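The lines below spell out each chain.
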Amino acid sequence: MVINRKIQTLDEFTIQQLRNFPKATGELSNLLRDIGLAAKRVNVEVNKAGLVDILGDYGSTNVQGEEVKKLDVFANDQFMGVLRHGISCAGIGSEELEDVVIFDDEISNQSKYVCLFDPLDGSSNIDVNVSIGTIFSIYRRVSEVGKPATKEDFLQPGNKQVAAGYVIYGSSTMLVYATKRGVNGFTLDPSIGEFTLSNPDMKCPDLGKIYSVNHGNFFQYDKRVQDYIDVCQRKNKTNGGPYTQRYIGSMVSDVHRNLVKGGIFMYPGTTDKPNGKLRLMYECNPFAFIVEKAGGVATDGKQRILDIQPNAIHQRTPFFIGSKGMMDELESILKS
Ligand code: P6P
């Protein structure tokens, strides 16, 4: 009987990374495995969403003033619970929590890392069975290990991230994460209940043919953003235009597709919301880290997302991310 040893689980992969870098303490590997465990628990509920009476609004509203779906609450509780009871995280920030939660117990205070989460992004799509996702960001603490984490640990620019990733609960469930060593994708194998390496060393194509933006806001965008969208829609021998417009309304799905196939995703500022809708700390920074490690680019229209110095956990930013060639094209128009 041939045993297929080609399958490498997330745990085996992170342990192999540990073996390759003996100075590593294994704490980051533990943290990623904890996140993988919570993601598997969320995946079970997301897959049942159409069957169990957990649809419909929870009736409460989160700190963003948005209706909270039951799955949002469940997902937040899963990630916070696993990390609080793990040994690798000193505290978390979350879209679902008004302020950061410092775990402040003897073991957690010894942890080197803090995490920020969007536990279930795109939750408005839950009731119509569109893919949704979890986004996470991991920082090394700036406060003294051994003492409780502090707010400053969470308000670091994205260029200080140690790792970042996302889970996409779609036709298959994938976990993609990046460290300084690159981007790797794992697909959940239900037969063994493990994330298995399916997309090693992911790279974002330099050019793509997909642009993602909410055209409903077109007349609220800056003129130069409108000009770029116009370029995307026109025949153009130099950039192979017109492009195809794809917009799912679930950022994890849109950005994942563009990462794999090449493309550009935009959530610009509008006259109603000059800073756009997306959150810097737990939506834009993690994806900017991942896409840059894969060779792409991410800006707020003026500067690199990862260089923005945050001043609030829930602050928003305009967001442009994707293939380097398309982002260069956008930048040339925004600077014109
Ligand atoms: P709009 C989902 O609510 C989300 O936060 C992102 O996942 C998605 O890209 C965006 O909002 C969609 O927003 O305003 O285009 O519906």
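What counts and how
Counting restarts for each chain, with residues numbered from 1 along the sequence as it is written. Local features in this predicted model are restricted to residues of pLDDT 70 or higher, and side-chain atom pairs are both shown and tallied only at a pLDDT of 80 or more, whereas totals for entire chains, interfaces and linings draw on every residue. Computation of side-chain values covers all heavy atoms of the structure but excludes hydrogens and water. Helical segments are the DSSP runs of H or I of at least four residues, strand segments are the runs of E of at least two, and each set is numbered from the N terminus. We call Phe, Tyr and Trp rings a pair once their centres come within 6.5 Å, taking the six-membered ring for Trp, and we label the pair stacked below 30 degrees between planes, edge-to-face above 60, and tilted otherwise. The rule is simple: take the accessible area with a 1.4 Å probe, protein chains only, and divide by the maximum for that residue type; under 20% is buried, over 50% is exposed, in between is partly exposed. Here, a charge over a ring means that NZ of Lys or CZ of Arg falls within 6 Å of the ring centre while also lying within 35 degrees of the ring normal. A pocket, in this scheme, is an open set of points on a 1 Å grid over the protein atoms alone with protein on both sides within 12 Å along at least 5 of 7 lines, while a cavity is a set where a 1.4 Å probe fits but cannot get out; residues line either one if an atom lies within 4 Å of a point. Grid points are joined across faces, edges and corners, and a volume is the space filled by probe spheres set on the points. All residues other than Ala, Val, Leu, Ile, Met, Phe, Trp, Tyr, Cys, Pro, Asp, Glu, Lys and Arg, Gly among them, are scored as polar; the first ten of these are nonpolar and the last four charged. Here the nonpolar core consists of buried residues drawn from Ala, Val, Leu, Ile, Met, Phe, Trp, Tyr and Cys, with membership extended through side-chain atoms lying within 4.5 Å. Domain boundaries shown here were taken from an automatic or database domain assignment. Two residues qualify as a contact provided that any one of their heavy atoms is within 4.5 Å of a heavy atom in the partner residue.

## Observations concerning the environment of Gly240
Next up, step 1: In this structure, Gly240 sits in the loop between α4 (223-232) and β12 (244-245).
Next up, step 2: Placed 94 residues apart in sequence, Gly240 and Gly146 show a C-alpha to C-alpha distance of 55 Å.

## Thoughts on the packing of aromatic side chains
Next up, step 1: Overall, the coordinates contain 9 aromatic pairs when judged by the stated rule.
Next up, step 2: Look at Phe265 and Phe319: their rings are 6.4 Å apart centre to centre, the planes differ by 65°, and that puts the pair in the edge-to-face class. Highlighted residues: Phe265 in strand β13 (residues 264-267) and Phe319 in strand β15 (residues 319-322), separated in sequence by 54 residues. For the residue pair Phe265 and Phe319, the accessibility class agrees, reading buried in each case.
Next up, step 3: An aromatic cluster is defined as three or more aromatic residues linked by ring pairs; in this entry it consists of Phe13, Tyr177 and Phe186.
Next up, step 4: Cation over ring: Arg181 sits above Phe21, and NZ or CZ is 3.4 Å from the ring centre.

## Quick word on the environment of Ile138
Next up, step 1: Note on placement: Ile138 falls in strand β6 (residues 132-140).
Next up, step 2: A relative accessible area of 0% places Ile138 in the buried class.
Next up, step 3: Expressed as a C-alpha distance, the spacing of Ile138 and Leu31, which sit 107 residues apart in the sequence, is 9.1 Å.

## Focus: empty space enclosed by the protein
Leftover empty space is mapped by rolling, across the atoms, a probe with the size of a water molecule.
Next up, step 1: Evaluated as defined, the whole model comprises 1 cavity of 30 Å³ or more.
Next up, step 2: If you add up the space inside the largest cavity, you get close to 30 Å³.
Next up, step 3: Lining the largest cavity we find Cys204, Val255, Asn258, Leu259, Gly263, Val291, Ile321, Gly322 and Ser323.
Next up, step 4: Of all the elements in the fold, those that place two or more residues in the lining of the largest cavity are α5 (251-261) and β15.
Next up, step 5: When grouped by side-chain class, the residues that make up the lining of the largest cavity number 5 nonpolar, 4 polar and no charged.

## Some points on the nonpolar core
Next up, step 1: Counting 42 residues, the largest nonpolar core has Met251, Phe265, Phe287, Ile290, Ile305, Phe319 and Ile321 as its most contacted members.
Next up, step 2: Counting residues per element, the ones that place at least two in this core are β5 (113-121), β6, β7 (161-169), β8 (173-179), α5, β13, α6 (280-293) and β15.
Next up, step 3: Among the elements that line this core, the one with the most residues is α6, at 9 residues.
Next up, step 4: Of the residues that make up this core, three or more belong to each of domain 1 (10-199) and domain 2 (210-334).
Next up, step 5: If we skip the residues at most four places from it in the chain, Met251 touches Asp121, Ile135, His256, Phe265, Leu278, Glu283, Phe287 and Phe319.
Next up, step 6: Counting residues in each nonpolar core, the second largest holds 38 residues, with Phe13, Val42, Phe117 and Val167 among its members.

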